[in-house]
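Take a look at the letters that make up each chain.
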Amino acid sequence: MRCKKCGATAAIHMRQHKLALCEMHYVDWFQAQTERFIGKYRMFAREERVLIAVSGGKDSLALWDVLLALGYEADGLYIDLGINGGLDYSKQSLARIEGFLAGREGGSLHVVDIAGVYGATVPEAARLTRRGRAKPCAVCGLVKRHVMNRVARDGGYDVLATGHNLDDEAAVLFGNTLNWQLGYLARQAPVLPASADGLARKVKPFFRFYERETAAYALVRGIDYLYEECPFSVGATSIRHKMTLNLMETDSPGLKLQFYLGFLRAKEAGALAGMAEARPVMEPCERCGQPTTAGVVCAFCRLWEARRSGDER
Ligand code: SF4
Ligand code: ZN
Ligand code: ZN
């Protein structure tokens, strides 16, 4: 395979785009595509400040790399969940992020150590809840959403960006469709506008890139990321959905992209009109001030109160 731009040996062949590129032209293409998606989907403007949720994995570090290369003002947020899983997962993740930043111009890092701030790691806090006893993922999601929104708001950021790629988004869409979760379908989008009740705008600039494309970018750019997934992700339904979609993609290159873009088009045409109203009215939590549907005290604050009182919920 030859690079379509210069004829040199291709480093990557993307069947779904019928495009092969050498390393140098792949980096150019990938960055230009990211810029195009940011503009096309009106994610953020040049002068806006971006906070990227970084995990130490390939997607979020690649996103940070691209945004800095494109000249955006982009800082990182690392939430130390205190996950060990036999491999010091959280410590290893932070080490990769610090390695990424060393010797790089621009971009500062916020670190929120959950155990340090709230008195327990996420797995410890999860053990106190009924939902979190087997797996801490539901509690983890709650903690991450709360902390991301708080840091974005307190730091005066215009937008919160995550490194979700097409494989992630297509797997979520697949799950939501299998279960006909209309409320979730109505809210699944590459851009979620800020809400009047205090939720930051959320964007996913990589949502049109296949996972192998973000991995190839990280590799070509020499980004030393953490290969291991969180130990609690083993057996997750989303991983099974990804495998199913990959099987179909092998037979029909481009299927995942068509599936997701077709969904966005159907939504734009009004297929889910009215369903977005399924989102209940939010009120500020009386402890932390973040919007909540859960009554006077939000689920995040109740989690830590339950921990302090030793009261099992
Ligand atoms: Fe949190 Fe790990 Fe579960 Fe992801 S897999 S939600 S990081 S505990
Ligand atoms: Zn080339
Ligand atoms: Zn609260």
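Residues numbered from 1 in each chain as written. Chains lettered and ligands numbered in written order. Predicted model: local features only at pLDDT ≥ 70, side-chain atom pairs only at ≥ 80, totals over all residues. Heavy atoms only, no water.

Novice: Please provide a residue-by-residue account of the pattern of salt bridges, values included.
Specialist: Applying the stated criterion across every chain yields a total of 16 salt bridges. Of the charged contacts in the structure, one is a salt bridge between D65 and R221, with a shortest N-O distance of 2.9 Å. Of the two residues, D65 is situated in helix α2 (residues 58–69) and R221 in the loop between α9 (211–220) and α10 (237–251); the sequence distance between them amounts to 156 residues. By relative accessible area, D65 is classed as buried at 2%. Relative accessible area serves as the criterion here: at 36%, R221 is assigned to the partly exposed category. The residue D154 makes a salt bridge to R150 at a minimum N-O spacing of 3.9 Å. Remark: R150 and D154 occur in helix α6 (residues 137–154); sequence separation between them is 4 residues, near one turn of the helix. (Salt bridge = Lys/Arg side-chain N within 4 Å of Asp/Glu carboxyl O. Helix = DSSP H or I, 4+ residues; strand = E, 2+ residues; numbered from the N terminus. Buried < 20%, exposed > 50% of the residue type's maximum accessible area, 1.4 Å probe, protein only.)

Novice: Explain the coordination of the zinc ion (ligand 2) to me, using residue names and the numbers behind them.
Specialist: Protein coordination at the zinc ion (ligand 2) comes from C3 (SG), C6 (SG), C22 (SG) and H25 (ND1), with a distance range of 2.1 to 2.3 Å. In the primary sequence, the donor residues of the zinc ion (ligand 2) line up as C-x2-C-x15-C-x2-H. Highlighted residues: C6 in the segment before β1 (12–14) and H25 in helix α1 (residues 23–40), separated in sequence by 19 residues. (Donors = N, O, S within 2.8 Å, 3.2 Å for Na, K, Ca; no water.)

Novice: Please provide a residue-by-residue account of helix α11 (residues 255–268), values included.
Specialist: For α11, spanning 14 residues, the distance from its first C-alpha to its last is 20 Å, which sits close to the expected 20 Å at 1.5 Å a residue. Inspection of α11 places K256, L257, Y260, L261, F263 and L264 among the buried residues, and these make up the whole buried set. Along α11, the residues classed as buried sweep out an arc of 145 degrees about the axis, all on the same side. One or two residues past the end of α11 sits G270, with phi positive at roughly 100 degrees. (Expected span 1.5 Å × (residues − 1). Arc of directions from axis to C-beta.)

Novice: Quick rundown of the side chain of K256? Include the residues and the values.
Specialist: Of note, K256 is situated in helix α11. Here the side chain of K256 touches N246 through a polar contact of 2.4 Å, side chain to side chain. (Polar contact = N/O pair within 3.5 Å; in protein donor to acceptor, adjacent residues only side chain to side chain.)

Novice: Explain the side chain of D167 to me, using residue names and the numbers behind them.
Specialist: Within the fold, D167 resides in helix α7 (residues 166–178). Among the residues examined, D167 registers a relative accessible area of 6% and is labelled buried. One polar contact links D167 to K256, side chain to side chain, over a distance of 2.7 Å. Excluding residues that lie within four positions of it along the chain, D167 makes contacts with F209, Y210, E211, K242, N246 and K256. (Contact = heavy atoms within 4.5 Å.)

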